[in-house]
Amino acid sequence: MRTDMAENPEAKRSCCSLPRREGAGSAPARNEEGLPTTPPALADIAWFDAGIATVGTDRPVIDADGEGPARQVAVRAYGLDRHAVTNARFARFVADTCYVTDAERFGWSFVFKDFVASGTVTSQPVGLPWWHRVDGATWRLPGGPGPLRADDRHPVVHVSWSDTQAFARWAGGRLPSEAEWEHAAKAGRAQMRYPWGDDEPSDRAIRCNIWQGRFPHINSLADGYGGTAPVDAFEPNPSGLFNMCGNVWEWCADAFHVQPLTQAAKARNALAGRNAERLLKGGSYLCHVSYCYRYRIAARMGHSADTSTGHIGFRLAYDRP
């Protein structure tokens, strides 16, 4: 099944892929200069010694995403947030800086069909009927105008890669590299499929927040969540990191790139370069083994830096003082 899925164009596109935004938003109103940094408490950071990280896999599932081959990368000592950045923490940043996100500048963002308020007028990307372009969808209103409000304990979503850069300056951190992200997700080990080991999650062994049922029509909600879960839901990995797979995709520092071993890979890199794509890791609550098997540590995805959706968030890394 995994080989077939790797060759399936639908799987390559996935429930998570979206078209690039076209045009420009209105002029931003941003005030980020001259403010002190606001680092998190040390207890909220997991620290890792310098060493060699194994990145990628020699058993790729979706070749087009550049999951392989496995390679060795040296990493310096660093820290990583134990949780994805919450709505509460992002709200403090906005209160301090008056920052306006890309979704707010553009006036819209992408929302999964199940969270669009009844009666909302939307448009949909061609071939992706589960995604809706919703006017007024932002980190504060993740479903757009309607009853759904951002929950303080849940990860902030509808944030672009560009938004994370402003937050990182305020928080005194930075986005992790892919090597740092994978090294932390595996608790410093060489090879693990998931943060908990190699066992596939199931409706009986619930280890993360992913789609359960038949995507995109039936979600059994066996894990208790239809959308995002609190950032400390489920068991952490051995390094004390929560939700490194599932829940929300997480932006990384790297530009998106795949190994140029084939013409298809070269074409994908050319497209990523034209769109200034950035790397995301970890999968989301929309991932499912039958269609978007990207909640594995080695899985990856690229989107343009101004992309925002209801299933993309982030966490920060920190240089060791």
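Keep in mind that this is a model prediction, so the values were computed, not measured.

Rules used in this analysis
- Residues numbered from 1 in each chain as written.
- Predicted model: local features only at pLDDT ≥ 70, side-chain atom pairs only at ≥ 80, totals over all residues.
- Heavy atoms only, no water.
- 1 Å grid on protein atoms, 1.4 Å probe; cavity = no way out; pocket = protein on both sides within 12 Å on 5 of 7 lines; lining within 4 Å.
- Points joined across faces, edges and corners; volume = space filled by probe spheres on them.
- Nonpolar A, V, L, I, M, F, W, Y, C, P; charged D, E, K, R; others polar.
- pLDDT = per-residue confidence, 0-100.
- Contact = heavy atoms within 4.5 Å.
- Pairing = 2+ DSSP bridges.
- Helix = DSSP H or I, 4+ residues; strand = E, 2+ residues; numbered from the N terminus.
- Axes fitted to C-alpha atoms, helices over the stretch in contact; angles between N-to-C directions.

Novice: Help me understand empty space enclosed by the protein, please; the structure alone is not making it clear to me.
Specialist: In this approach, a probe sized like a water molecule rolls over the atoms, and the result shows the empty space that is left. Across all of its chains, the model carries 1 cavity of 30 Å³ or more by this definition. Estimated volume of the largest cavity: approximately 30 Å³. In terms of lining, the largest cavity is formed by Ala84, Val231, Phe242, Asn243, Asn247, Val248, Glu250 and Arg315. When the residues that make up the lining of the largest cavity are grouped by side-chain class, the tally is 4 nonpolar, 2 polar and 2 charged.

Novice: Would you mind going over the confidence of the model for the protein chain with me for this structure?
Specialist: Predicted coordinates in areas of low pLDDT are best not read in detail. Across the protein chain, the average pLDDT comes to 90, with 90% of residues at 70 or higher. With pLDDT under 50 throughout, residues 1-12 is counted as low confidence; its partners more than four residues away or in other chains account for 24 contacts. Within the model, pLDDT remains below 50 along residues 24-34, and this stretch shows 19 contacts once partners closer than five positions in the same chain are excluded.

Novice: Explain the sheet that holds strand S13 (residues 317-319) here, please?
Specialist: Strand pairing in a sheet relies on backbone hydrogen bonds, with the paired strands running either antiparallel or parallel. Across the sheet, 3 strands lie side by side as S1-S4-S13; this open sheet has antiparallel pairing. Every interior strand has two partners, whereas the edge strands, strand S1 (45-48) and S13, have only one. In this sheet, adjacent strand axes meet at a mean angle of 25° when their direction is disregarded. The pairing of S1 with strand S4 (residues 78-81) spans 4 bridges and is classified as antiparallel. Residue pairing in the sheet places phenylalanine 48 in a bridge with tyrosine 78 of S4. In the packing of helix H6 (residues 178-185) onto the sheet, contacts are made with S1, S4 and S13, and the angle to S4 comes to roughly 70°.

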